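# Coordinate analysis (summary)
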Amino acid sequence: MNESVKVWKEISSYIEASMSTVSYEMWFGKLVPLTIENNKLILVAPLVSVKRTVDGFKDTVIKEAIEKSGTYISDIVVVLEEEAEVYKPEKEPAPIEKPVEEDNFRNVLDPSFTFDNFVVGDCNNIASSAAKAVAENPGVLYNPLFIYGGVGLGKTHIMQAIGNYILSADKNKKILYVTTEQFVNEFVDSIMKNKDNKLNKSFREKYRSADVLMIDDIQFLANKTSTQEALFHTFNDLYQNKKQIVLSSDRHPKELTFLEERLKSRFQSGLTVDITNPSVETRVAILRKKAEIKKFRVSNDVIFFIADNITSNVRELEGALLKVMFYCDLMGKECNVDVAKEALKDYIDVTTHVISIDNIVDATCTYFNIKRADIIGKKKVKNIVNARQIAIYLINDLLGIPLNGIGDYFGGRDHTTIMYARDKIGSLCKTDPLVQAQINDLRAMIQKK
Ligand code: ADP
Ligand code: MG
């Protein structure tokens, strides 16, 4: 791959992550890398409008992406096809050889993933306290630390925050953060290099010399038997040497059914913590934090509007905020709720999709195949009671309606009954995979456009 393509791939991945797919495709996806001149990456735009828009983001999105990418590029210059002629064919800069050791522990952590930038709420306070404790005393307290939770809820952020924290205290610490995919690829590569199928020495040395090993999204280790074996030995070695291990996954280690038993039990031998969906208060706090980081002045109305409507996960929440930001900048419009509605119309059908108690109760009835009159009524049959409690939990969680209000809806039930239902399902959600799956299905049904 030629150098400009490679560098653009790296930088654009950060741009892509910082905005909605629609905006990215519309503007940045249309740029073609041409060459690199004096550390400036030259990109060709097919249309003047694309060039103009992209140029408008030089000081914000682009600057940030260049910084995050850690490449040597100092700036990006967008030219039109007719201007591209003046650039001579690309000269490949000579790759800089790095000593192996340094390269192994090249810092790949995203510097913005810190504890300071991580908003703590009910959904993540245990995970965040555990992560801080680990960052302060790596290898001592909770080893391994296993963090699990749904997509876009902050697992990678919190993991990398541990790494950034440890490095800020001691920059010589060997922090090895890898995705499971990287770990598997490196393992496979190292085997292929050796004719006798033995593990390559450099792989072994790299992983066993880490002070902290973090492997993200371990669920992707499914059916990789020999990589699991390599991980098992690496794990034991590091563990015996009191080196910290941090793992993340989309599910509890017990649910990693494709994993060898011995690995599963190792994973559970330290502390296992979960991250769940943020409540509306936490979503508001996250939006405030993100707006502050991006220096985006946004009113409370707009923040609440986004927090009320984007409930799926934090990544989407962040994407929505960026889209509103992008839209206001692009259109030169003042940022108010109407503009936000317009900007987010692809995300949410604001006109028809307002979640109500009725929506939640109806979805629950459909899902469990029971009658509306029964869920509201007094029947004590097990499946009806279960569905009723789940609906109560969801109403409280998604709409934040006070307990006595919910009690009124359910035929004048006392608020303690409602509280009991909410707490029971709330704790089952953490321990019972079936309830977890039911709640996830229902959320998806209710939140569907
Ligand atoms: P996961 O690894 O669980 O899929 P990430 O860690 O990649 O999720 O988080 C997705 C995005 O949401 C990141 O930009 C991250 O900074 C942000 N995020 C998630 N949780 C929080 C939080 N509690 N406070 C601030 N930002 C958060
Ligand atoms: Mg992640």
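Further up the page is the structure itself.
Residues numbered from 1 in each chain as written. Chains lettered and ligands numbered in written order. Predicted model: local features only at pLDDT ≥ 70, side-chain atom pairs only at ≥ 80, totals over all residues. Heavy atoms only, no water.

What follows covers the overall build of the protein chain. For the protein chain, the helix and strand inventory stands at 22 helices and 8 strands. Relative to a compact globule of 449 residues, whose C-alpha radius of gyration would be 22 Å, the protein chain shows 25 Å and is just as compact. Along the first, second and third principal axes, the C-alpha set of the protein chain runs to 75 × 60 × 40 Å. When each of the 449 residues of the protein chain is scored for burial, the buried share is 47%. Carbon and sulfur atoms provide 51% of the accessible area of the protein chain, an area that totals close to 23,000 Å². Separation between the mean location of the 59 positive side-chain charges and that of the 61 negative ones in the protein chain comes to 5 Å. (Helix = DSSP H or I, 4+ residues; strand = E, 2+ residues; numbered from the N terminus. Rg over C-alpha atoms; globule rule 2.2 N^0.38 Å. Buried < 20%, exposed > 50% of the residue type's maximum accessible area, 1.4 Å probe, protein only. Areas by Shrake-Rupley, 256 points an atom, 1.4 Å probe, with all protein chains shown as cover. Lys, Arg positive; Asp, Glu negative; His and termini not counted. Charge placed at Lys NZ, Arg CZ, Asp CG, Glu CD.)

Okay, the packing of helix H19 (residues 382–399) against helix H22 (residues 433–447) next. In helix packing, the relevant descriptors are the interaxial angle and the interaxial distance, both defined with respect to the helix axes. Viewed as axis vectors pointing N to C, H19 and H22 meet at an angle of 55 degrees, and their least axial separation amounts to 11 Å. Classified by the interaxial angle, the pair formed by H19 and H22 is oblique. When the axes of H19 and H22 are compared, the crossing they make is right-handed. Judged by residue contacts, Asn386, Ile390, Tyr393, Leu394, Asp397 and Leu398 of H19 engage Gln438, Ile439, Leu442, Arg443, Ile446 and Gln447 from H22. (Axes fitted to C-alpha atoms, helices over the stretch in contact; angles between N-to-C directions. Parallel < 35°, antiparallel > 145°, perpendicular 65-115°, else oblique. Left-handed = near helix turned anticlockwise from the far one by under 90°. Contact = heavy atoms within 4.5 Å.)

Side chains bearing opposite charge may pair, as long as their charged atoms lie close to each other. With the rule as written, the count across this model stands at 18 salt bridges. When the shortest N-O distance is used, the salt bridge between Glu64 and Lys294 registers 3.2 Å. A residue pair is termed long-range when its members are at least 10 positions apart, and Glu64 in helix H4 (residues 58–69) and Lys294 in the loop between helix H13 (280–293) and helix H14 (300–309) qualify at 230 residues. One salt bridge in this structure joins Lys264 and Glu261, with 3.2 Å as the shortest N-O distance. (Salt bridge = Lys/Arg side-chain N within 4 Å of Asp/Glu carboxyl O.)

This paragraph deals with the environment of Ile306. Here Ile306 lies in helix H14. Sequence separation of Ile306 and Leu317 is 11 residues, and the distance between their C-alpha atoms is 7.3 Å. With residues near it in sequence (within four places) discarded, Ile306 still touches Leu287, Leu317, Ala320, Leu321, Val324 and Leu344.

Turning to the site of ligand 1, a few remarks are in order. Surrounding ligand 1, one finds 18 residues, the nearest of these being Val119, Gly152, Thr156, His157 and Glu318. Within the contact set of ligand 1, an oxygen atom lies 3.0 Å away from a side-chain nitrogen or oxygen of Lys290. Arg315 has a polar side-chain atom sitting 2.9 Å from an oxygen atom of ligand 1. Secondary-structure elements contributing two or more residues to the shell around ligand 1 are helix H8 (155–169), H13 and helix H15 (314–331). (Near = heavy atom within 4 Å. Polar contact = N/O pair within 3.5 Å; in protein donor to acceptor, adjacent residues only side chain to side chain.)

Attention now goes to the sheet that holds strand S3 (residues 75–80). Ordered in space as S1-S2-S3, the 3 strands form an open sheet in which the pairing is mixed. Edge strands, defined here as strands with exactly one partner in the open sheet, are strand S1 (32–37) and S3. Across the sheet, the axes of successive neighbouring strands diverge by a mean angle of 30 degrees, strand direction being ignored. Pairing of S1 with strand S2 (residues 40–45) involves 5 bridges; the strand directions are antiparallel. In the sheet register, Thr35 faces S2, and the bridge partner there is Ile42. (Pairing = 2+ DSSP bridges.)

One way to put it is that helix H7 (residues 125–136) packs onto H8 with a least axis distance of 9 Å and a crossing angle of 25 degrees. One way to sum up the angle between H7 and H8 is to call them roughly parallel. By crossing handedness, the relation of H7 to H8 is classed as right-handed. Contacts between H7 and H8 involve Ala127, Ser128, Ala131, Val134, Ala135 and Glu136 from the former and Ile158, Ile162, Tyr165 and Ile166 from the latter.

What follows concerns unusual backbone geometry. Here the residue pair Asn143 and Pro144 is connected by a cis peptide bond, since its omega of 0 degrees sits within 30 degrees of zero. Mapped onto the secondary structure, Pro144 falls in the loop between H7 and strand S4 (145–149). We note that Asn223 has phi near 60 degrees; this positive angle belongs to a residue other than glycine. By the secondary structure assignment, Asn223 is in the loop between strand S6 (212–216) and helix H11 (225–240). The backbone phi angle of Lys295 is positive, close to 55 degrees, even though this residue is not glycine. Its place among the elements puts Lys295 in the loop between H13 and H14.

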